[in-house]
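# Chain and residue survey
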Amino acid sequence: MHTFRRSAALLALTVGSVASLPALAADELHYNQISLRAEVSQEVARDQMIVTLYTEEQNTDPAKLAAAISTTMNKATAQAKQVKDITLRTGSRNSYPIYDTKGQKITGWRERAELRLESTDFAALSKLTGELLTDLKMGGMDFAIADPTRKASEDQLLKEAVTAFKTRAQLATDTLGGKGYKIVNLNLNSNGYPQPYLRAPMMMKAAAMDSAPVTPEVEAGTSQVSMTADGSIEVLMQ
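For the protein, the name recorded in an unreviewed UniProt entry is SIMPL domain-containing protein, with Pseudomonas triticicola as its organism.

On to the environment of R37. Counting through the fold element by element, R37 comes out in strand β1 (residues 31–45). Taking the C-alpha atoms as reference, R37 lies 5.6 Å from A229; in sequence the two are 192 residues apart. With sequence-adjacent residues up to four places away left out, R37 is seen in contact with R168, T228, A229 and D230. A polar side-chain atom of R37 sits 3.1 Å from a polar atom in the side chain of D230.

Their axes nearest at 11 Å, the elements helix α2 (residues 62–81) and helix α3 (residues 122–132) cross at an angle of 155 degrees. The angle between the axes of α2 and α3 places the two elements in the roughly antiparallel class. In this structure, the crossing between α2 and α3 has a hand that is right-handed. Judged by residue contacts, A76, Q79 and A80 of α2 engage L128, E131 and L132 from α3. Taken together, the residues that form the contact of α2 with α3 break down as four nonpolar, one polar and one charged.

Further remarks concern the pattern of salt bridges. Scanning all chains against the criterion turns up 10 salt bridges. Among the salt bridges present, the one from D230 reaches R37, with a minimum N-O distance of 3.1 Å. Linking D230 in strand β8 (residues 222–237) with R37 in strand β1, this pair joins segments that are 193 residues apart in sequence. Residue classification places D230 among the partly exposed positions, given a relative accessible area of 22%.

In this model helix α4 (residues 147–175) runs 41 Å from its N-terminal to its C-terminal C-alpha over 29 residues, within 8% of the 42 Å that 1.5 Å per residue would give. For α4, the set of buried residues is S153, L157, A161, F165, A169, A172 and T173. After α4 finishes, the residue G177 shows a positive phi value of roughly 75 degrees.

Conventions we followed
Residues numbered from 1 in each chain as written. Predicted model: local features only at pLDDT ≥ 70, side-chain atom pairs only at ≥ 80, totals over all residues. Heavy atoms only, no water. Helix = DSSP H or I, 4+ residues; strand = E, 2+ residues; numbered from the N terminus. Contact = heavy atoms within 4.5 Å. Polar contact = N/O pair within 3.5 Å; in protein donor to acceptor, adjacent residues only side chain to side chain. Axes fitted to C-alpha atoms, helices over the stretch in contact; angles between N-to-C directions. Parallel < 35°, antiparallel > 145°, perpendicular 65-115°, else oblique. Left-handed = near helix turned anticlockwise from the far one by under 90°. Nonpolar A, V, L, I, M, F, W, Y, C, P; charged D, E, K, R; others polar. Salt bridge = Lys/Arg side-chain N within 4 Å of Asp/Glu carboxyl O. Buried < 20%, exposed > 50% of the residue type's maximum accessible area, 1.4 Å probe, protein only. Expected span 1.5 Å × (residues − 1).

Put into C-alpha cells, the structure is as follows:
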C-alpha cells in the first residue's frame, strides 16, 4: 500500500514536469533572435606626408665610406631639425661588399643610409625636401592619415555605426510586429584605414629632376574609411 502511494506520487510529479515544458517553450516563442549589420563610411584626408631620402656611395676603404655617409646624413639631419613640426626618423643603413667579375675577390664597398621625414605641414616638408635633394636622393613620398585624425574619425564613425544599428534594430522589430527589443551582442570594426600611399617611383624621380631644389608638387588625396556594426537582437513579440 505504501509502495503504491510512492509510485503514484512519483508519477504525478513526472507528469507535472512534462506538462510544464510546453508552457516554457511557449514563453520562449515570444522572443525572436535575429542578426543585423550596419555600415557607415566617410572620406578622410591623408593629412600626413612621409618623405624618404637616401644617400649611397662606394669606396674601397669601408672606414672612409662610413665616414662619408655619416657626414652627409649628419648635415641633412641638422638641416631638418631646424624646420618646425617635422619628425625625423632614422631609416635603414646597410653596407655590402662589391666583388670582382669572378665573384671571388672584394674590390670595394657600397653603403646606403636613409632619412625619413614626417609632417602634417605639407608646405614646410615639401620645401625642406627640395632643399635636401641637393645632397640626398629621393627614395619615396608617402601619404597617410595622421593618428589624431584617425582617432577622431574612428570615434565619429563608432557613434554613427551604433546609431545605424539601432535604427535597423527598431525597423526589424516593427516589421516583425514586436513591442521592443534588446541587444544580445554587438561588434564594432573599423576598416579602410590604408597603409601609407606610395607615390609611383617614376613620378617621384620626375618630380625630383624637374623641381630640385624647388618644392615638389604634393597630391595627398583622401581615403574612404568605414565602420561596421555586426550583432544580434532579441525581439519581444506582442
